[in-house]
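Structure assessment
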Amino acid sequence: MVSLWVARQCKAAELVIKRLVQTLISWEGKSELDKYLLVYQALSLLARGVSLLPIPLWRLLRAFGSDKQQPGWHSYGNTYGELFKHRKYGRVKLLEIGIGGYQDSPGGRSLLAWQAFFPFGTIVAADIVPKPGLAAKRRRIYQIDQSSGKDLAALCREEAPFDIIIDDGSHLSAHQLFTFRHMFPALKDFGVYVIEDVQTSFWPGRVMNVQWDGARIDDPAFAQTCYGYFLELAKYINHAEFVDDQNVDETMLELARQITRVTFEHNLIILSKGNTTERTASLVRVTTAWRRSSASHAAGNYS
Ligand SMILES: C[S@@+](CC[C@H](N)C(=O)[O-])C[C@H]1O[C@@H](n2cnc3c(N)ncnc32)[C@H](O)[C@@H]1O
């Protein structure tokens, strides 16, 4: 109830601040972009002001206008709330690729919600479109193309390592995978990597006026999509129990050694980083028994 009240106060405060700003400065003479940025910076103050309160993340995403939690858009708020609740008061460094918005309204709504959730966090955000006006204390903005290794390396040089990385950029499978390969090493141990809007993996060709690089699930090309790639990787999470390394993909194996969990949810893929080399105690016995029986089959003994 308290959190609902606070979320309502956030909305009300947004209106109050907007009115105040309108009254105090020559609002009419300002460009739409300047107006947006003024309100945005006022909302930043509000976000920092409420950040110590235990408001559920989904309410913050909703109240600050993020499309991650709006009717008719996405409902990622509860998932993120569960994932990040134990980090709320930590010194979290979160990178979000893709800031959103348009020309006169440069987006950044989720960044406000992250700031309102992590009182001691640093938010780093990157987009192909320049959005320098959204920067503030402990909120840094970069212009990058997520399909450029040079841009991603430069971003890492400035800001890595991260506790949380969220890819909400172009949503093209090729970009999602390219970015993951470059950015996963920049994630700290026990960090979380999220790829949003992976529905595009299932879209072969043109959907909603955009040319996607997805495939039908019965098409062998599905394996090359972002979703298909992580489905394959999911097998390797149990690599410590493989009885031998025949036909094993070494790159996948190496990657899986650093991943403790792959979670698939509606439109989301979530990876947790950590060491996974530990085997179950019984594995040595299983492996030895399996090798003996293979050798005996190879010798033609089927009894
Ligand atoms: C869905 S919006 C992001 C919404 C935002 N994360 C939020 O939660 O409010 C996608 C963003 O990705 C950006 N984008 C598209 N292609 C990109 C690329 N190749 N590199 C980096 N950003 C890209 C777009 O400019 C757009 O701002």
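Note that the coordinates shown come from a computational prediction; the quantities given were computed from them, not determined experimentally.

Neighbouring the ligand are 22 residues, the closest being Gly98, Gly100, Ser110, Gln146 and Ser170. Mapped onto the shell around the ligand, the elements with two or more residues apiece are β1 (93-97) and α5 (109-117). Residues of the shell around the ligand, tallied by class, amount to five nonpolar, ten polar and seven charged.

Of the consecutive residues alanine 160 and proline 161, the connecting peptide bond is found in the cis state with omega at 5 degrees. With respect to the secondary-structure elements, proline 161 resides in the loop between α6 (149-159) and β4 (162-167). Within the chain, methionine 208 stands out as a residue other than glycine whose phi angle is a positive 50 degrees. Look at asparagine 247: it is not a glycine, yet its phi comes out positive at around 55 degrees. In this fold, asparagine 247 is placed in the loop between α8 (226-236) and α9 (250-256). A count of 5 C-beta atoms within 10 Å places asparagine 247 in the exposed class.

Counting 58 residues, the largest nonpolar core has Leu60, Phe64, Leu94, Ala113, Ala116 and Ile165 as its most contacted members. Leaving out residues up to four positions away in the same chain, phenylalanine 64 has contacts with Leu43, Ala47, Arg109, Leu112, Ala113 and Ala116.

Let us look at the packing of helix α2 (residues 32-50) against α5. Axis separation between α2 and α5 bottoms out at 7 Å; the angle between their running directions is 30 degrees. Overall, the two elements α2 and α5 adopt an arrangement that is roughly parallel. Counted together, Leu43, Ser44, Ala47, Arg48 and Val50 of α2 and Leu112, Gln115 and Ala116 of α5 form the full contact between these two elements. Across the contact of α2 with α5, the residue classes tally to five nonpolar, two polar and one charged.

Basis of the calculations
Residues numbered from 1 in each chain as written. Predicted model: local features only at pLDDT ≥ 70, side-chain atom pairs only at ≥ 80, totals over all residues. Near = placed C-beta within 6 Å. Helix = DSSP H or I, 4+ residues; strand = E, 2+ residues; numbered from the N terminus. Nonpolar A, V, L, I, M, F, W, Y, C, P; charged D, E, K, R; others polar. Buried ≥ 20, exposed ≤ 12 C-beta atoms within 10 Å, placed from the backbone. Core = buried A, V, L, I, M, F, W, Y, C linked by C-beta atoms within 7 Å. Contact = placed C-beta atoms within 7 Å. Axes fitted to C-alpha atoms, helices over the stretch in contact; angles between N-to-C directions. Parallel < 35°, antiparallel > 145°, perpendicular 65-115°, else oblique.

The values reported here are purely geometric and, on their own, carry no functional implication.
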